[in-house]
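A structural walkthrough
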Amino acid sequence: MKRSPYTYGVDLTGKQYWRSLDELARSPEFQRALAREFPEGASELKEGMSRRTFLSLMGASIGLAGLAACRRPVERILPYARAPEQIVPGRPRYFATAMPFAGSAIGLVAESHEGRPTKLEGNALHPDSLGATHAFAQASLLDLYDPDRSAGPVARDGAPRTWEEAEAWLAERGALHRSARGKGLALLVEERRSPTEAALLERLARELPEARIYRHELFSRGAVREGARIAFGRPMEPLYALDEAQVVLALDADLFTGEGRPIRQMRDFAKSRRVERPGDSMSRLYAVESRFSLTGASADHRLRLKSGELLAFMLPLARELGAVHGVELGQELSLLAARAPLVLGREQLRFAEEVARDLATHRGRGLIVVGEGQPAALHALAALLNEGLSNTGRTLHWVRAFDEEVREPLAALAASAERGEVETLLILGGNPLFTAPGALHFERVLSKVAQSAHLGEWRDETSERCAWHLNRAHYLESWGDVRALDGTASIVQPLIAPLHGGRTDAEVMSLLLGERRSAYELVRAQWRAQYPATFEASFDRALHDGLFADGVGAPYARERPAVRRGDTARALSALAVEHSQRPSQGLELTFAPDAHAYDGRFANNGWLQELPEPMTKLTWDNAALMAPATAARLGLIEGDLLELSVGERRARVPMLLSPGQAEDSLALTLGQGRRAVGRVGSGVGFDVAPLLSAAGARLLWGARALPTGASHELARTQEHSAMEGRALVREATLARFAAEPDFAGKMVEHPPLKSLFPDHVHEGHRWGMSIDLNSCVGCNACMVACQAENNIPIVGKRGVLRSREMHWIRIDRYFEGSGDAPRAVFQPIACQQCENAPCEQVCPVGATTHSPEGLNDMAYNRCVGTRYCANNCPYKVRRFNFFNYTKGLTETQRMQQNPDVSVRSRGVMEKCTFCVQRIEEARQEATREGKERIADGRIRTACQQACPTEAIVFGDLADAESQVAKRSAEPRRYKILEELNVRPRTTFLARLSNPNPALEQSQR
């Protein structure tokens, strides 16, 4: 941001200050500055002092009083003893790395300023990110600088220890168990796809054959791999090619949040929905689900169905595909499908029949996906149906699992500890005391173990109960490696030295094996063995590109395994018997990752806690989502604190009404309600993990919900969900677009208007933006990216309750249709950069002005906080900084801030600037290269760069060949509230749907 050129008579170097307001007003310096800012006759009265002049003087005097009363902080800056030749002060550098997350990997490019990472972007070469990110990846940077991170090893009594002491303990325990061939030693690991760590685990199992290795991941892909084992005889991983699919059936699967490869899946889905001109084709998406998900919001047809009734939907679907459309099911499965009881209603059966017909019509171009929380037998059935529909090898690809060895689950560890078989327990990552199912009573497991240690980034619930807490290094300060779901290998390289001297999982395992090798040495040794002839060149190339492009580090070979129809039928029969024995009374409970904390690992991340959940817009909390009809039947109102119970297991959580939720089904999220967490996540949310069964199933039946008589206040950023007849989000069917391409522009009558102000004369560039609502799925990645780029503070739950959230871009979510089964649409809204900006017309001090290139600029040190501009903005995108939210930041937190963007103090208006700092950086680069204009595509705003679906395009509207100019000229274009004659610079492309004509007619 540019600072104002006016100092109002203040000479900081000479320490001269005006002593009174009258003296200030009479000073020649101030009069000259006033004449330059406010020319004669510009909104001034003929006599006396106008409001504008008064506020100008007051703003200046207040600013001077602050200068006179405060001292600049004392900072001791030490120069380099020997400056690194690669570092140029003020010029960022970029490094490729990868983020291990949710059993997969996200390829990243990290921006670094003088040795400290400040921003993360997607790696365009990586198959799972393709240059984009999601909210968790963007926010993971904040965890690196979290002042509540563990600063070193700690003993059970809370006494600090050194890593020398911890290493000596690990070496001693390792020697003891090696002498006993590993007897009494147990390791609990996460689902991390690291070749180096996998090799160390294999070596440990080989050298210590009696040691036991257990695996626990709260949101595991185990059901997917087990389903493949049932269908094919061995565990495998599915890769979905949504860009090749014309018909997609998502069965309780949220493809855009956390399942599979969400970033890649969002990108591919958006490509299949991209329509530029009449006559273009578009894919069709069906969603069958209990909770209203992002996938369901993007669906052309959505069927509300309890998650426990998915088997009852899939068997009629299979029967229709086999009996009517000739899909090979096998004798056993055909018999099972034919005998399946018809428990669905007529409308639901009609839905299954039409979906089956559509899938059969599009053989080889369809796809059936089952959610990760569903039983393995349903995944096996989906694999069989995809094979019968010729989808395998086209829209669905199978690759080998990274680790085909089935590790023992947490329940097996609990049983072994109860038998007294575990003497030493080493927990590498995770927080099992918090994430373990309540039925396991994991605290008893730790009490049965004589020696225990937990490696984690925070001293959490698990660490408090272990004999040793070992501080873990963040992935941005670690050497490591990771494979994506398709097998692509990446090197995890550090951007900064460990801030607190943490260690990695590989280093701890190395110590247990009697070695003392750094993570760097371990990773290089692993890949030297894979590339013996070309190691240095291959390793350096992988560091540069962020992945291995050939050899053993390249993607796995895609396979076409033979299905085992008999095994699938027997697994489904067993599942049907299990369903027949479930309780007939009570509610269904489903469990999903929390949008703010995932499984609890991000609970202390303020960016994510304040990020509104996409569908409910809930912040700083979690809740039990309930259908309005269910709440009415139970006599509940929103905010009621419920006691949920399943047998003897209980948990408390507030209720939140959720249109589109299946009746008698409650949607819960796991990850909130942490007991041992830092200052941000303390007291946030409710822990519902005690409800989980010992098996950790994400679907339970027979639950009861009783009101406690108490209520809980919920903070949401959007309380109103209807457009009230205004054409904000404009949409139509694909058929209507083909017949009437310019339908969006005709939805609002534009009366002839004449501006009171002369048109702006633009010099050079005319910056503008286009947002395709047909691509946006409401994932929130743009919101966190904007926050990280522009040093936007968080305001806390009380601030959100007072509508003081500071996000410069928001995603409005609107419901349309009935309250029980509505449709949902999303619309990203930021400053529209109006040509006739209403904010500029009312600012009394000229703090918000129009630049020659069409940007609505903000001069923060000129703003006095009248908030007139916010009141006059029809889009409500201006934010007022009520407090100095950055005042109490620690030194590590300040390290995260972007030095190219000013850090605002209290009392100023903030808003989107189209990332003007990136514009200026590109302008300087063009000048250095001798170019007159900035090339199209050189500037990418933070929201644009993060967007997985490429819904946002930014560029120069004055360049007819620019991407933004072409997008802004498409037939679906429109501008919201354009009838106000504010002339916004942001163009929206209307949303399209592709409904099945047969279902559309039957649902009327």
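Scroll up for the structure.
Residues numbered from 1 in each chain as written. Predicted model: local features only at pLDDT ≥ 70, side-chain atom pairs only at ≥ 80, totals over all residues. Heavy atoms only, no water.

A word on the overall build of the chain
What counts here: Working definition: helices are DSSP H or I runs of at least four residues, strands are E runs of at least two. Numbering for both runs from the N terminus. Only C-alpha atoms enter the radius of gyration, while the globule expectation follows 2.2 Å times N to the 0.38, with N the number of residues. To sort residues, take the accessible area from a 1.4 Å probe on protein chains only and compare it with the maximum for the residue type: under 20% means buried, over 50% means exposed, and anything in between is partly exposed.
Tallying secondary structure elements over the chain gives 33 helices and 37 strands in all. Against the compact-globule benchmark of 30 Å for 1004 residues, the chain has a radius of gyration of 30 Å, which places it among compact chains. A principal-axis box enclosing the C-alpha atoms of the chain has dimensions of 95 × 70 × 65 Å. Counting all 1004 residues of the chain, 59% fall into the buried class.

Considerations on unusual backbone geometry
Even without being glycine, Ser 390 reaches a positive phi, approximately 65 degrees. Residue Ser 390 is classed as partly exposed on the basis of its relative accessible area, which comes to 31%. Backbone geometry places Lys 876, a non-glycine residue, at a positive phi of 55 degrees. Position of Lys 876 among the secondary structure elements: in the loop between helix H28 (868-872) and strand E32 (879-880).

Structural notes on the nonpolar core
Convention followed: Among the buried residues, those of types Ala, Val, Leu, Ile, Met, Phe, Trp, Tyr and Cys that are joined through side-chain atoms within 4.5 Å form a nonpolar core.
Within the largest apolar cluster, 210 residues are counted, with the highest numbers of intra-cluster contacts made by Phe 313 and Leu 589. Leu 204, Ala 211, Ala 453 and Leu 470 belong to the second-largest nonpolar core, a separate cluster that totals 27 residues.

What to know about helix H14 (residues 410-418)
As a reminder, the rule being used: The arc in question is formed by the directions pointing from the helix axis toward the C-beta atoms. Any two residues having at least one pair of non-hydrogen atoms within 4.5 Å are treated as being in contact.
Among the residues making up H14, those that are buried are Leu 410, Leu 413, Ala 414, Ser 416 and Ala 417. Seen end-on, H14 carries its buried residues on one side only, within an arc spanning 165 degrees. Against the buried residues of H14 lie strand E5 (185-189), strand E6 (212-215), strand E13 (424-428) and helix H16 (442-448). One or two positions beyond H14, positive phi appears at Gly 420, with a value near 80 degrees.

With respect to empty space enclosed by the protein
As a reminder of what qualifies: With a 1 Å grid laid over protein atoms only, a set of points is called a cavity when a 1.4 Å probe fits there but cannot get out and a pocket when it is open yet has protein on both sides within 12 Å along at least five of seven lines; lining residues have an atom within 4 Å of a point. Grid points are joined across faces, edges and corners, and a volume is the space filled by probe spheres set on the points. Each residue is assigned to one class: nonpolar for Ala, Val, Leu, Ile, Met, Phe, Trp, Tyr, Cys and Pro, charged for Asp, Glu, Lys and Arg, and polar for all the others, Gly among them.
Overall, the coordinates contain 14 cavities of 30 Å³ or more when judged by the stated rule. Of the voids in this model, the second largest cavity is the one considered here, and its volume is about 730 Å³. Surrounding the second largest cavity, 40 residues form its lining, Asp 254, Thr 257, Gly 258, Ala 592 and Pro 593 being those nearest its centre. Going through the elements one at a time, helix H4 (135-144) and strand E18 (587-593) are the ones with two or more residues in the lining of the second largest cavity. Counted by class, the lining of the second largest cavity contains 21 nonpolar, 10 polar and nine charged residues.

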